Amino acid sequence: MTDPYGMAKFNRSRFEDFWQVLGDQLNSIRARDGLVGVVEALKMEQLDRGFIQDDLSGVIKYRMIKDKDPEHYFIVQYNPRRAQRFSGAGRQTPPSGSAASHGGCFLCRDNIRWQQRGIEYGYDVHIDSPGGQRHYIIWVNPFPLMPNHITVATSSHRPQAWLLPNTEMGGWVTRMDEIGHDFLSILGQMPGYLGFYNGDGAGATIPHHFHFQFFKRIEGQDGFPLERAARQGGECRSVDGPWLVPGYPITAIHFRGTREQVETQLLEIVGKWEKMFSDPHGITANLIGSLDAQDHTIFDLYFIPRDKTFNRGAGMVGVIAGLELLGEIVYSTEEEKRSLDRGQVNYDFVERIIASVEAPRAREFWNIILGKQGSGRYA
Ligand SMILES: [Zn+2]
């Protein structure tokens, strides 16, 4: 009689063997073409294997231009395949001989093997930091929003939130120093890409397992609406920033400079945002980053302060995460498509969707950054 545990063990060891062989192959690609070359090659492997399909083919994009002002626009992406992601791409229950860890979490490597029938593979990335080395895995997104859409998840199961209860001392501990460090470290190796950290309750779809997302810019396409607005300058604290992105429907704080400059400024202002909440349960944010197209030592980083109780845009099914904050709204249901076809979605409508997730105290926060707290209308 066949032993199911024996065969499960056989499959697990074959999975580990191939993971190792693929890792060696990707390491040699990395030595030549960097992390960007790895992402490209991993995507090709996952396409060839049939884990992902060329599924951006069904995407339709609409440009919603502001009345009498063609320079200002938002983008609406209709992406019907995204609607399928809720039904899950993989198996729900483990076969005999395997067990689900952490409730069958979709970002835990042990689950991914049986959930995705042994065809989803990732790439190990180790990030050096003063606090030690941290281990991430790059996974290719089966329901992409953009080209080369990847999830960079921690190898271990840990929450997405950056404020965590301090089990020993009571109170809360912040992990933004680690998150900011690791985000900028990966971003620095990803020219031509945009990176995201969507906080828990700020568009993160898997809040129980820590992850970043990255995708490749579409060649020849001008910057996203948020980036275009940021180029106008805006109110700033000093000549080195940070800047408040002008004329944008949500408070977005822009840092620009070397990695060290943006990391230092980010940690300082995140500390101010944390201090504004007496109950840290509500606090969250989005980070969006990219490298300057010409000078890859210059980083653009955006911090969008968020409040967990305001995380879903009025007028859409999905949550408001990094791409939406860049000015590209994602629609995926047939009902949403009908509202697009009927012309019910225009510039003002998208502007209202983005504005609807503005944290109530975001402008007060900006005034605190400027050093205006305790005076004027916020006193
Ligand atoms: Zn997990």
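Per chain, the residues get numbers from 1 upward, laid out in the order the sequence is written. Whole-chain, interface and lining totals are the exception, using all residues; otherwise, since this is a predicted model, local features are given only for residues with pLDDT of at least 70 and side-chain atom pairs are given and counted only at 80 or more. Note: side-chain values were computed over all heavy atoms of the structure, leaving out hydrogens and water.

S.K.: Which parts of the structure should I look at to understand the sheet that holds strand β4 (residues 134-140)?
M.R.: Each strand in a sheet pairs with its neighbour through backbone hydrogen bonds, running either in the same direction (parallel) or in the opposite one (antiparallel). Strands qualify as paired when DSSP identifies two bridges or more between them. Each helix corresponds to a stretch of at least 4 residues labelled H or I by DSSP, and each strand to a stretch of at least 2 residues labelled E; elements are numbered beginning at the N terminus. Across the sheet, nine strands lie side by side as β3-β4-β5-β9-β8-β12-β13-β11-β10; this open sheet has antiparallel pairing. The sheet is open, and its two edges are formed by β3 (123-127) and β10 (243-244), each paired on a single side. In terms of strand pairing, strand β8 (residues 193-198) meets strand β12 (residues 283-291) through five bridges, oriented antiparallel. Bridge pairing in β12 links Leu194 to Ser290.

S.K.: Help me understand the pattern of salt bridges in this model?
M.R.: Oppositely charged side chains can pair when the atoms bearing their charge come close. For this analysis, a salt bridge means a side-chain nitrogen from Lys or Arg found within 4 Å of a carboxyl oxygen belonging to Asp or Glu. Throughout the structure, instances matching the rule amount to 23 salt bridges. A salt bridge links Glu16 to Arg109, with the shortest nitrogen-to-oxygen separation between them at 2.7 Å. Residue Glu16 is located in helix α1 (residues 4-49), and its partner Arg109 is located in helix α2 (residues 109-115); the two are separated by 93 residues in the primary sequence. In this structure, Arg361 and Glu364 form a salt bridge, with 3.0 Å as the shortest nitrogen-oxygen distance. Here the salt bridges do not stand alone but share partners, grouping Glu71, Asp222, Arg228 and Arg231 into one network.

S.K.: When you look at the sheet that holds strand β14 (residues 328-331) in this model, what are you seeing that I'm missing?
M.R.: Pairing in this open sheet of three strands is mixed, and the strands run β1-β2-β14 from one edge to the other. In this open sheet, the two strands that pair with only one neighbour each are β1 (60-66) and β14. Taken over all neighbouring pairs, the strand axes of this sheet differ in orientation by 30 degrees on average, direction set aside. Bridge count between strand β2 (residues 69-78) and β14: four bridges; the pairing is parallel. In the sheet register, Val76 faces β14, and the bridge partner there is Ile329. Where helix α7 (residues 334-341) meets the sheet, its contacts fall on β1, β2 and β14, and the angle it forms with β1 comes to roughly 45 degrees. Only heavy atoms matter for contacts: two residues are in contact if any of them lie within 4.5 Å across the pair. Only C-alpha atoms enter the line fits that serve as axes; for helices the fit covers just the stretch in contact. Angles between N-to-C directions range over 0 to 180 degrees. Against the sheet, helix α8 (residues 347-355) contacts β1, β2 and β14, and its axis sits at roughly 70 degrees relative to β2.

S.K.: I'm lost on the coordination of the zinc ion in this one. Help?
M.R.: When a metal holds four donors in a tetrahedron, each ideal angle between them is 109.5 degrees; when it holds six in an octahedron, the ideal angles are 90 or 180 degrees. Looking at the metal site, the zinc ion is ligated by Cys105 (SG), Cys108 (SG), His157 (ND1) and His209 (ND1), spaced 2.1 to 2.3 Å from it. For the zinc ion, the four donor atoms in the first shell make angles of 99 to 117 degrees at the metal, so the coordination geometry reads as tetrahedral. Metal donors: N, O and S atoms at distances within 2.8 Å, or within 3.2 Å for Na, K and Ca, with water omitted from the atom set so that some sites may seem incomplete. Within one chain, the residues serving as donors to the zinc ion are arranged as C-x2-C-x48-H-x51-H. Here the residue Cys108 occupies a position in the loop between β2 and α2, and His209 occupies one in the loop between β8 and β9 (211-216), the gap between them amounting to 101 residues. A four-donor site is classed as tetrahedral when every donor-metal-donor angle falls between 85 and 135 degrees; four donors are called square planar, and six octahedral, when trans pairs exceed 155 degrees and all remaining angles lie between 65 and 115, with any other arrangement labelled irregular.

S.K.: Before we go on, may I ask you to explain the nonpolar core in this structure?
M.R.: The tendency in soluble globular proteins is for nonpolar side chains to be buried as a group. Core analysis: the largest hydrophobic core is formed by 65 residues, its most contacted members being Ile138, Trp162, Phe212, Phe214, Trp273 and Phe303. Take this core: its biggest share by element is nine residues, from α1. Excluding its chain neighbours within four sequence positions, the residues that come into contact with Ile138 are Leu35, Val39, Leu42, Tyr121, Gly122, Tyr123, Val125, Ile150, Thr151 and Val152. Of all hydrophobic cores here, the second largest spans 34 residues; its members include Phe224, Val245, Ile250 and Tyr331. Grouping buried Ala, Val, Leu, Ile, Met, Phe, Trp, Tyr and Cys residues that are joined through side-chain atoms within 4.5 Å yields what is termed a nonpolar core. For each residue, the accessible area found with a 1.4 Å probe, counting protein chains only, is set against the maximum for its type, and the residue is called buried under 20%, exposed over 50%, and partly exposed in between.

S.K.: What is the right way to read the environment of Tyr123 from this model?
M.R.: Relative to the helices and strands, Tyr123 resides in strand β3. With a relative accessible area of 2%, Tyr123 lands in the buried category. When the C-alpha atoms of Tyr123 and Leu22 are compared, they prove to be 8.1 Å apart, with 101 residues separating the residues in sequence. Each residue touching Tyr123, except ones within four places of it in the same chain, is listed here: Trp19, Gly23, Leu26, Asn27, Arg30, Leu35, Val38, Leu42, Tyr136, Ile137 and Ile138. For the purposes of these results, a polar contact is taken to be a pair of N or O atoms within 3.5 Å, where, inside protein, one atom must be able to donate a hydrogen and its partner to accept one; residues adjacent in sequence count only when each atom of the pair is a side-chain atom. A polar contact is formed between the side chain of Tyr123 and the side chain of Arg30, at a distance of 3.4 Å.

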